[in-house]
Amino acid sequence: MNEPRRIHALEVGPAVLDIMLGDITRLDVHAIVNAANRSLLGGGGVDGAIHRAAGPELLAECRTLGGCATGEAKITAGYRLKARHVIHAVGPIWSGGDRNEDQLLAACYRNAIALAARHGLASLAFPAISTGVYAFPPARAARIATGTVVSEIAARADAPGRIVFCCFSEESARLHSDALIDFGLG
Ligand code: ADP
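Predicted model only: the values in this text are computed from it and were never measured.

What counts as what
- Note that residues are indexed from 1 along each chain, following the sequence as it is written.
- Restriction of local features to residues with pLDDT of at least 70 applies here, the model being predicted, together with a cutoff of 80 or more for giving and counting side-chain atom pairs; totals for whole chains, interfaces and linings are based on all residues.
- Excluding hydrogens and water, the side-chain figures rest on all heavy atoms present in the structure.
- Secondary structure is summarised from DSSP: a helix means a run of H or I of at least four residues, a strand means a run of E of at least two, and numbering begins at the N terminus for each.
- Two residues qualify as a contact provided that any one of their heavy atoms is within 4.5 Å of a heavy atom in the partner residue.
- To define axes, lines are fitted to C-alpha atoms, for helices over the stretch in contact only, and angles between the resulting N-to-C directions are given on a 0 to 180 degree scale.
- Each angle is binned into one of four classes, with values under 35 degrees roughly parallel, values over 145 roughly antiparallel, values of 65 to 115 roughly perpendicular, and all other values oblique.
- Take the far helix as your reference; a near helix turned counterclockwise from it by less than a right angle gives a left-handed crossing, and one turned clockwise gives a right-handed crossing.
- Amino acid classes used here: Ala, Val, Leu, Ile, Met, Phe, Trp, Tyr, Cys and Pro are nonpolar; Asp, Glu, Lys and Arg are charged; the rest, including Gly, are polar.
- Two cysteine sulfur atoms make up a disulfide if the distance between them is within 2.5 Å.
- We call a residue buried when its accessible area falls under 20% of the maximum for its residue type, exposed when it is over 50%, and partly exposed in between, using a 1.4 Å probe and counting protein chains only.
- A cavity, in this analysis, means grid points on a 1 Å lattice covering only the protein atoms where a 1.4 Å probe fits yet has no way out; a pocket is instead an open set bounded by protein on both sides within 12 Å along at least five of seven lines, and a residue lines either one if it has an atom within 4 Å of a point.
- Grid points are joined across faces, edges and corners, and a volume is the space filled by probe spheres set on the points.
- Centre distance within 6.5 Å is the pairing criterion for rings of Phe, Tyr and Trp, where only the six-membered ring of Trp is used; planes under 30 degrees apart are then read as stacked, over 60 as edge-to-face, and the remainder as tilted.

Colleague: Looking at this model, I keep getting lost on the side chain of threonine 76. Mind explaining?
Modeller: Mapping threonine 76 onto the fold places it in strand S4 (residues 73-77). When sequence neighbours within four positions are dropped, the list of residues in contact with threonine 76 reads Leu58, Glu61, Cys62, Leu65, Arg84, His85, Val86 and His88.

Structure representation (structure tokens):
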């Protein structure tokens, strides 16, 4: 896919939120978030794309981390990516909605922002976690993603000043824009 392009940008307090369409591995941000699995040893989808673009050193570092629980996040270097870091967050597998999926998805966004803040990172890009192989309903995921990011920006002064939702389809970008508009933003 080509260079990501900006679909929508808005200011929320001191931060800028961008909705972009394209390949997250091409973004020039301080960290990109990976929709990883609990092994952290690579997979398909965005995880495969990130490992291919970062090179084999990323897998070598991931092997030292001992996996990651669902809803949590761990940070590595970005190796051959433009991004200096990758934050690996493990989204929930959708199984009908009564297994805490909403809370676990929100926790991914919250924990990734907390890690970025702890490392002093000024910009962070998220893919639409769990909406691929993990089959989370995309509109519901977009509402949780945008709602959690907006409330984290409001809650903590050390959050990254630029947060990107890097969507991989026009439909996904529209869902994220609509969710922000529904919150009275955008
Ligand atoms: P999960 O297992 O968490 O569902 P997937 O990688 O299967 O993770 O999908 C998560 C989202 O990432 C999907 O919306 C998918 O379309 C999107 N995606 C896949 N490749 C890329 C990429 N290179 N850049 C950004 N988003 C991507």
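From this point, the discussion proceeds with the structure in view.
Colleague: I'm lost on the packing of helix H4 (residues 138-155) against helix H5 (residues 170-182) in this one. Help?
Modeller: Packed helices, taken two at a time, are described by the angle between their axes plus the distance between the axes. Two numbers describe how H4 lies on H5: the axes approach to 8 Å, and their chain directions differ by 50 degrees. Between H4 and H5, the crossing angle belongs to the class labelled oblique. Here the hand of the crossing between H4 and H5 comes out right-handed. Contact with H4, carried on its side by Pro138, Ala139, Ala142, Arg143, Ala145, Thr146 and Val150, involves Leu175, His176, Ala179 and Leu180 of H5 and no other residues of that element. By residue class, the composition of the contact of H4 with H5 is eight nonpolar, two polar and one charged.

Colleague: It is not clear to me how the state of the cysteines should be interpreted in this structure. Could you clarify?
Modeller: Here, disulfide denotes a covalent bond that connects the sulfur atoms of two cysteines. Overall, the coordinates contain zero disulfides when judged by the stated rule. Summary of cysteine pairing: cysteine 166 is not part of a disulfide, and the nearest cysteine sulfur, belonging to cysteine 167, is at 7.0 Å. Note on cysteine 166: relative accessible area 4%, which makes it buried. For cysteine 167, a relative accessible area of 1% corresponds to the buried category.

Colleague: Teacher, can you tell me more about the layout of surface pockets here?
Modeller: One way to see where empty space is left: roll a probe the size of a water molecule over the atoms. Its volume calculated, the largest pocket comes out at about 600 Å³. Every element with two or more residues in the lining of the largest pocket is listed here: strand S3 (31-36), helix H1 (45-54), strand S7 (162-167) and H5. At four residues, H1 tops the list of elements feeding residues into the lining of the largest pocket. For the lining of the largest pocket, the residue count by class is 15 nonpolar, twelve polar and two charged.

Colleague: So what exactly am I meant to see when it comes to the packing of aromatic side chains here?
Modeller: Tallying each qualifying case throughout the model produces two aromatic pairs. Ring geometry for tryptophan 94 versus phenylalanine 136: centroids 4.8 Å apart, planes at 65 degrees, classification edge-to-face. In this pair, tryptophan 94 is assigned in the loop between strand S5 (85-90) and helix H3 (101-118) and phenylalanine 136 in the loop between strand S6 (123-126) and H4, connecting sequence segments 42 residues apart. By relative accessible area, which is 1% here, phenylalanine 136 ends up buried.

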